[in-house]
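Structural overview for review
Residues per chain, in single letters:
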Amino acid sequence: MVSGGCRTDSRWSWRLEVVGGWSDWVRAGQVLARDLRKLGIQAHLKTYEFGAWYARLQKGEFQLAIAWSLDGPTPYTFYKWLLSPRTVRPVGEVAAANWHRFGDVEADALLTRFETESSPEKQKELMAGVQRRFSELAPAIPLFPNPSWGESSSKRFTGFPSAQNPYARLSPHAEPDSLLVLTTLAPREP
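Report on the accompanying structure. Predicted model, so just to flag it, every value in this text is computed and none were measured.

1. Considering helix 1 (residues 23-38)
In a regular helix each residue adds 1.5 Å, so 16 residues correspond to 22 Å; helix 1 covers 23 Å between its end C-alpha atoms and thus fits that length. Restricting attention to buried positions, one finds in helix 1 the residues W25, V26, A28, G29 and A33. Buried residues in helix 1, looked at end-on, bunch into an arc of 160°, giving them a common side. More than 90 degrees from the buried face of helix 1, the exposed residues found are S23 and K38. At its buried positions, helix 1 is contacted by strand 2 (13-19), strand 3 (42-48), helix 2 (50-59) and strand 4 (64-66). Just downstream of helix 1, G40 is the residue with a positive phi angle, here 90°.

2. Comments concerning the pattern of salt bridges
Considering all chains together, one arrives at twelve salt bridges under this definition. Here E17 and R56 are joined by a salt bridge, their closest N and O atoms 2.8 Å apart. Taken together, the residues span a long stretch of sequence, with E17 in strand 2 and R56 in helix 2 at a distance of 39 residues. Given the relative accessible area of 18%, R56 is considered buried. Residue R133 pairs with D104 through a salt bridge whose shortest N-O separation is 2.8 Å. Placement of the pair is R133 in helix 5 (residues 120-137) and D104 in the loop between helix 3 (75-83) and helix 4 (105-116), with a sequence separation of 29 residues. What makes R133 buried here is its relative accessible area of 14%. Given a relative accessible area of 9%, D104 falls into the buried group. Look at the salt bridges and you will find they share partners, linking D104, E106, R133 and E136 into a network.

3. Notes on the packing of helix 3 against helix 4
Contact geometry for helix 3 and helix 4: axes closest at 10 Å, N-to-C directions at 145°. Helix-helix and strand crossings are classified by hand; for helix 3 and helix 4 the assignment is left-handed. Facing Y76, Y79, K80 and L83 of helix 3, the residues of helix 4 in contact are A107, L111, F114 and E115. Residue composition of the contact of helix 3 with helix 4, grouped by class: six nonpolar, no polar and two charged.

About the cut-offs
Residues numbered from 1 in each chain as written. Predicted model: local features only at pLDDT ≥ 70, side-chain atom pairs only at ≥ 80, totals over all residues. Heavy atoms only, no water. Helix = DSSP H or I, 4+ residues; strand = E, 2+ residues; numbered from the N terminus. Expected span 1.5 Å × (residues − 1). Buried < 20%, exposed > 50% of the residue type's maximum accessible area, 1.4 Å probe, protein only. Arc of directions from axis to C-beta. Contact = heavy atoms within 4.5 Å. Salt bridge = Lys/Arg side-chain N within 4 Å of Asp/Glu carboxyl O. Axes fitted to C-alpha atoms, helices over the stretch in contact; angles between N-to-C directions. Left-handed = near helix turned anticlockwise from the far one by under 90°. Nonpolar A, V, L, I, M, F, W, Y, C, P; charged D, E, K, R; others polar.

Structure, rendered in structure tokens:
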């Protein structure tokens, strides 16, 4: 996900920030910067260690960044944190996820209706409307699907998610899945 934060006076020169050492993101940033330069937009890749990069994102102190979005069982979570004015915080104040500080009242009205709608058909209609707003406004640009990975060892514990039993995502930062994994594990018999 490419997201825009604070902007400078120069509309056509941007700093694209990524975590140094995250080779897939660094490479994606290099490709983006190169392709933007072909369009006449000066984009320069800047890498930070994770803590500095994350602090800049949370405070909205960046121009462009490759980052992640939130997901959930429906598109609601993804769109709420990218479009709802209720999630916007002032630049400099830590934001949970709406790092680009963008809000749209039209999309938010649909999101608010979704919160109390019980009909799956109506929910789909509402999310289709939110998706149209997202496409029209483009507050962020999805680059690639969010991979979910994890590693486990059954040397001391059993019950980890597997291809045969995919009850949760294994990734340690997958919430609330990590809690489900922890409550499902059992010590291996000696």
